[in-house]
Amino acid sequence: MEWEIFLAPYRQAVDELKVKLRGYRDLYEVTAENSPIEFVTGRVKPIPSIMEKARRKGMPLTQLNTQMQDLAGIRVMCQFVDDIHRVVQLIRNRTDLVVVEERDYINEKKKSGYRSYHVVVQYPVQTVSGEKKILVEIQVRTLAMNFWATIEHSLNYKYKGKIPADVKKRLLNAAEAAFRLDEEMSQIRDEVRVAQIRFLQKNADEEE
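Residues numbered from 1 in each chain as written. Predicted model: local features only at pLDDT ≥ 70, side-chain atom pairs only at ≥ 80, totals over all residues. Heavy atoms only, no water.

Let us look at the nonpolar core. Ranked by internal contacts, the top residues of the largest apolar core, which has 42 residues, are Ile74, Val76, Val136 and Val140. Residue assignment for this core shows that the elements contributing at least two residues are α1 (3-30), β1 (39-44), α2 (47-57), β2 (72-78), α4 (81-93), β4 (117-127) and β5 (130-142). Residues in contact with Val136, not counting those within four places in the same chain, are Ala13, Leu17, Gln69, Ala72, Ile74, Val119, Val120, Val121 and Tyr123. (Core = buried A, V, L, I, M, F, W, Y, C linked by side-chain atoms within 4.5 Å. Buried < 20%, exposed > 50% of the residue type's maximum accessible area, 1.4 Å probe, protein only. Helix = DSSP H or I, 4+ residues; strand = E, 2+ residues; numbered from the N terminus. Contact = heavy atoms within 4.5 Å.)

Okay, structure coming up:
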């Protein structure tokens, strides 16, 4: 397997999609609307991780392009849970990619407590040998969800996938606390918006 040649289109797909998704922020600034996107990151899965996952899942290396959906990965971070659904709709509306699969780990969280919304898309890249359609997994999550997921991933690496039961329980409790924080911040935002509307309406009535 010539990894550099094989992974080059995936790097291209990640680079292009990062630019395109970050572009939404500029568009929202022009319209004076609040952007649902806080920031965007992306990566191509490291070769050792590819090999380990292929071994664990029993995937032939010759079929990675069709069986491993997260060789190319994009993460979109949002401030609020409602923003996640706005971003997912933006992705669905794009004409330069095709949505292959969606997995809602927000309403149906994983046993570990992990929450995020995953959208697998097929994205065409133009290479020197012609067009290649690349599978890219786009993960959309809040900042709190991302913080939790980063810590959980680090612990999984440290314990080689065998996190002690007491640590797992504390992680699950932390995941629930993070989600409650997301919900509370969303409620505060909504209450502030209502208060602003009432304030503006009151001033308008006084001026009449």
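A separate point is the UniProt feature "domain: RelA/SpoT" (unreviewed entry) in the chain. In this numbering, the UniProt entry assigns the feature "domain: RelA/SpoT" (unreviewed entry) to residues 42-163. Along residues 42-163 the backbone is 36% helical and 34% strand, and the end-to-end C-alpha distance reaches 26 Å. (UniProt positions renumbered as here; feature names shortened; annotations may be inferred.)

Along the chain, the position of Glu176 falls in helix α6 (residues 165-207). In this structure Glu176 comes out as partly exposed when scored by relative accessible area, which is 22%. Separated by 63 residues in the primary sequence, Glu176 and Gly113 place their C-alpha atoms 7.1 Å from one another. Leaving out residues up to four positions away in the same chain, Glu176 has contacts with Lys109 and Arg115.

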